[in-house]
Structures are given as C-alpha cells and as structure tokens.
Amino acid sequence: MTSSVYSILLVSLVFCVSVVDPTGVKIRITNQALNMLRDQAQAIVQEQLLNQPFEGFQISVCTIDRLTITQLTVHRAELRFRQNSGFQFVMQNFEARFSFNHQLDVLGFQHTGAKEFVAQGVSANMELSLIRTQQGRLAVAMPTCEASIERMTLIPRTLLNVLTGCLRHLFNFLFCPLVQRYGIPYVNQMLETIPMRAEVFPNFGISIDYSLTRDVQVTANSLDMSFNGLVFREGENIPALNPAVDPVFTENNLMAYVGVSEFVFNSAAVAFYNAGILGKKFETISSRAAKRYLRFRQFFSQPWRMRAPLAAAVELTEPPRISITQRQGVTVNLRVRVSAASVPPNREPQVITSVSATCEVTVMVTIHGSAAGNRLFLPYSNLR
C-alpha cells in the first residue's frame, strides 16, 4: 500500500487528561477510509473462500461432500463502523458457483455424482470486532454472521428437488463457519506477523514498543487505536518517565490521523542520551581564533603542554526535556557542556576550559500546500 492512499494529518496535541498507561502514538481511522477498507475486506473474503472445501454435510437423505466455491462475484458491499465493537461488513446480491459431490438415498433409490450449482441473490451480514490481546496485539473476531440465498440453479437440472433444499440449508448454515475458519484466521495471522517491538537504531540497541495500550475505541464515525510508543535500549531498565497525555483528535475530515505525544520524544531522548550519541567530539580544532584563545588559557594553566594537540567536545549533561502544547508547539530544553582539552600522545587529556549552558528552542509543526503537494515545515523560534 503506497503512502498516497491515506491523507494523514499530524495534529497538535493538547493537554486534557493524564493517563496511567501511557499512549505515545494514537491513530484514528475515519469513515472517509471505509471504501478503501471495504475493498480490502472484500478481496480477503474472495481470496480465502475460493477453492476452500466445506466439511462433509448430511441432512435427511442428502450427503454432500467436497462442496467448494469455484467462482465468487460481489456486486455490492458495504462496510461501516459499529459503535463500541468494530465493523459491520455486508455483502449483498453476489453470485457464487459451487462444485460438489453428492449422494441421495430416496425410497431405496441412490444417486451419486459430482455436479455444480450457481447461487444468486446471496447476502452475508458479518459483525467484526477489534480486540486487544493479552500481548497487546490487535486481533479480529466475528461474533455474529448471517448468510442467505434467494435462488440457485443446478447444473445439470436433472437432479431431484430434494437436493436443492439440501444445498440451500448447507449454504445458510455453513457459509459463515467457512469465513470463521479461513477468513478470520488469515487476518489474524497477518496481524501476528507485526512485531510489538522493533529495532529503530540496531547499531545502538535502540528499539520501540508499539503494543496496544488499551482497547480499540469505535464510534459511529471513527476508530481510534492507542499504542505505547516507548523508545528504549535493549537490556537496560526502562526509566520512569512522565506519561504525558493522551493525544486528542478534534475532527474526522480526513481518512486517517496520527498523533504523537511527548512521551515518545522524551523516551527517545533518554535512549539516545544513554547510548552516548547526543554529543560530538572534534579531534582537531581548525579555527585559528579558537586555537589562539585556548593557547592563551593554556599558558596560565598548562604551560608545559603548549605543543600538545588540541581537541574539543560538545555533550549533554542530562537527557533533553521535550514538551508539547497546542499553542507553542514542541519545546526542547537542553543542558550542554562544551569543553576543550590538550591531548598529548599516550597521555590522559587535560581540560583547558569548559562551559555549560542551557538551551531552549520552540518548533511549530505546519503543513504548506503547493502545486507539488503538501510539505511538512518545522519553523523554529524563541531560540535561547
């Protein structure tokens, strides 16, 4: 699925209610995306039901075996949200071609063979629930399903009418179990292949946990999924972080929305800080003015090292602190130390000068539209 399928808006987050179980990332899917999801659901049903045989079935004098859908044509399908549950998927007026083996035993007369029939005016009404497993995964269940058939045509037409009744009963009562047996497990198998933890910077052992933090919330117009979004280093104790607030969406105009809370940024800042990658070392100093200044300072503190090479480093003294407000945007606070030292060969460096500072920068998230498409801009202000 290409990125152009969804219209995604990165929303500003507001402070409303603190949550115990932190939600770092929240995704909303609205009814604007239902047509695309409907086509995907219809494709899964067609792919999973075709050429999948029903289990053997016997009713009255009929014995049916190897009943298989060989062709499925859907003329109308609808997908809509079901409040506090998930989706309602309705397929109406679709046609299906079946092949089967049969055996009839009527008044001592037995008839066996392999035939086909065409079902028309078929309808199926399925309720699909989205649930959160104990492992924090998303799974699909089908609590209710109803199927019916209006008419069917036997090929050839020489079989007894009693066989028609058997086949109608078979479809009405076994179509939904077939979806339950093949369609639902297929969807859940796809969901199970998605890991709840993934490496984002393998070289530094940094991963992210995006398991579900709560049950899926469904209204008549939207579906919200809340993910943990914790960034951490493998093998380290996860530090206690301010859980921040739950991202909040205020509209349903686009197909999908993505909200990211400050919990993600602050956990990432701690992980990067512990990995030691939020700093920079300079093995040489190329600025002549800086060299003159350092040599002048060194003359009074380390006169015996005046010929030793100079090096510098910029590092943080604590993890950055990030906050998000709807009015100001993203604010980053840093405590930085800049140091310079003399580095004689095979000897320990000795600091010449060290300066600490507190930096703050505010970044607003904006989207600018143009003929080439929408672009994300991060203008900054209040740099101190």
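Everything numeric here is computed off the predicted structure, so don't read it as measured data.

A.B. asks: Which residues make up the nonpolar core, and what are the values?
C.D. replies: I69, F89, M91 and F175 are the most contacted members of the largest nonpolar core, which totals 60 residues. With 8 residues, helix 2 (residues 161–192) is the single largest residue contributor to this core. Once you skip the residues sitting within four places of it in the chain, F89 turns out to touch R38, A41, Q42, V45, A77, E78, L79, A124, N125, M126 and L128. If you look at the next biggest cluster of nonpolar residues, it comprises 7 residues, including V330, V332, V361 and V363.

A.B. asks: Pulling in residues and values, what's your account of the pattern of salt bridges?
C.D. replies: Note on pairing: side chains with opposite charge can pair once their charged atoms come close. Following the criterion strictly, the structure yields 15 salt bridges and no others. Between R80 and E78 there is a salt bridge, with the nearest N and O atoms lying 2.7 Å from each other. Linking R321 and E318 is a salt bridge whose minimum nitrogen-to-oxygen distance equals 3.7 Å. The partly exposed category is assigned to R321, whose relative accessible area is 43%. Among the charged side chains, a salt-bridge network with shared partners connects K26, R28 and D224.

A.B. asks: Break down empty space enclosed by the protein for me, with residues and values.
C.D. replies: Scanning all chains against the criterion turns up 2 cavities of 30 Å³ or more. Put simply, the largest cavity is a space of about 80 Å³. The wall of the largest cavity is formed by 13 residues, among which V231, F232, R233, P239 and V270 lie closest to the centre. Listed by contribution, the elements that provide at least two residues to the lining of the largest cavity are strand 14 (230–233) and helix 3 (262–274). Counted by class, the lining of the largest cavity contains 8 nonpolar, 3 polar and 2 charged residues.

A.B. asks: Tell me about the state of the cysteines, and name the residues and values.
C.D. replies: Enumeration according to the criterion identifies 1 disulfide in this entry. Two residues, C145 and C176, share a disulfide whose sulfurs are 2.0 Å apart. Every disulfide takes its handedness from the sign of the S-S torsion; for C145 and C176 that torsion is -70°, giving left-handed. Of this pair, C145 sits in strand 8 (residues 138–148) while C176 sits in helix 2, placing them 31 residues apart in sequence. On the basis of relative accessibility, which here comes to 21%, the residue C145 falls in the partly exposed class. The exposure class of C176 is buried, given its relative accessible area of 8%.

Cut-off values and rules
Residues numbered from 1 in each chain as written. Predicted model: local features only at pLDDT ≥ 70, side-chain atom pairs only at ≥ 80, totals over all residues. Heavy atoms only, no water. Core = buried A, V, L, I, M, F, W, Y, C linked by side-chain atoms within 4.5 Å. Buried < 20%, exposed > 50% of the residue type's maximum accessible area, 1.4 Å probe, protein only. Helix = DSSP H or I, 4+ residues; strand = E, 2+ residues; numbered from the N terminus. Contact = heavy atoms within 4.5 Å. Salt bridge = Lys/Arg side-chain N within 4 Å of Asp/Glu carboxyl O. 1 Å grid on protein atoms, 1.4 Å probe; cavity = no way out; pocket = protein on both sides within 12 Å on 5 of 7 lines; lining within 4 Å. Points joined across faces, edges and corners; volume = space filled by probe spheres on them. Nonpolar A, V, L, I, M, F, W, Y, C, P; charged D, E, K, R; others polar. Disulfide = S-S within 2.5 Å.

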